[in-house]
Amino acid sequence: MIASGAVTAYDPPTLLELDLDPHGRVRFDLTDEGGGTALAFSTKLPAPSSGRLPGSGW
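About the criteria used
- Residues numbered from 1 in each chain as written.
- Predicted model: local features only at pLDDT ≥ 70, side-chain atom pairs only at ≥ 80, totals over all residues.
- Heavy atoms only, no water.
- Helix = DSSP H or I, 4+ residues; strand = E, 2+ residues; numbered from the N terminus.
- Polar contact = N/O pair within 3.5 Å; in protein donor to acceptor, adjacent residues only side chain to side chain.
- Contact = heavy atoms within 4.5 Å.
- Phe/Tyr/Trp six-rings, centres within 6.5 Å; stacked < 30°, edge-to-face > 60°.
- Pairing = 2+ DSSP bridges.
- Salt bridge = Lys/Arg side-chain N within 4 Å of Asp/Glu carboxyl O.
- Buried < 20%, exposed > 50% of the residue type's maximum accessible area, 1.4 Å probe, protein only.
- Axes fitted to C-alpha atoms, helices over the stretch in contact; angles between N-to-C directions.

S.K.: I'm lost on the side chain of E17 in this one. Help?
M.R.: Position of E17 among the secondary structure elements: in strand β2 (residues 15-21). A distance of 2.8 Å separates polar atoms of two side chains, one belonging to E17 and the other to T8. Dropping the residues within four chain positions of it, E17 is found in contact with A6, V7, T8, A9, R25, V26 and R27.

As structure tokens, this is what we get:
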């Protein structure tokens with residue numbers, strides 16, 4: 001499945017945040033860990049408008 005959406009935050013090379021349909025907002029943060037890089041991934045799902053959970057399949 002290909003998602004459509006918009007970039008909501010962009011600060012290269014450490015931050016990319018996207019508002020995607022149907023996945024909600026997804027955010028990727030990179031931080032220097034002194035010898036490596038840490039990746040933090042977070043998501044905010046939209047409130048369900050039906051009995052079906054929007055995150056099904058994640």
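From this point, the narrative continues.
S.K.: Is there a simple way to explain the packing of aromatic side chains in this structure?
M.R.: For any two aromatic rings, the description comes down to two numbers: the centre-to-centre distance and the angle of the planes. One pass over the full model with this rule turns up 1 aromatic pair. With a centroid separation of 5.2 Å and 50° between ring planes, the pair formed by F28 and F41 is classed as tilted. Of this pair, F28 sits in strand β3 (residues 24-32) while F41 sits in strand β4 (residues 37-44), and the two are 13 residues apart along the sequence.

S.K.: How should I be thinking about the pairing of β4 in this particular structure?
M.R.: Side chains on a regular strand alternate between the two faces of the sheet. Where β3 lies against β4, 8 bridges are found, and the strand directions are antiparallel. Residue pairing across strands places R27 opposite S42, the latter belonging to β4.

S.K.: Please explain the pattern of salt bridges as it appears in this structure.
M.R.: Overall, the coordinates contain 4 salt bridges when judged by the stated rule. A salt bridge links R25 to E17, with the shortest nitrogen-to-oxygen separation between them at 3.9 Å. For R25, a relative accessible area of 32% gives the class partly exposed. The partner of R27 in a salt bridge is E17, and the shortest N-O contact between them spans 2.9 Å. Linking R27 in strand β3 with E17 in strand β2, this pair joins segments that are 10 residues apart in sequence. Given a relative accessible area of 27%, R27 falls into the partly exposed group.

S.K.: For this particular structure, what's the right way to read the sheet that holds β4?
M.R.: Adjacent strands of a sheet form backbone hydrogen bonds with each other and so pair up, either parallel or antiparallel. Overall, antiparallel pairing links the 4 strands, which are arranged β1-β2-β3-β4 in an open sheet. One side of each edge strand has no neighbouring strand; the edge strands of this open sheet are β1 (4-11) and β4. Along the sheet, successive strands turn relative to each other by an average axial angle of 15°, direction set aside.

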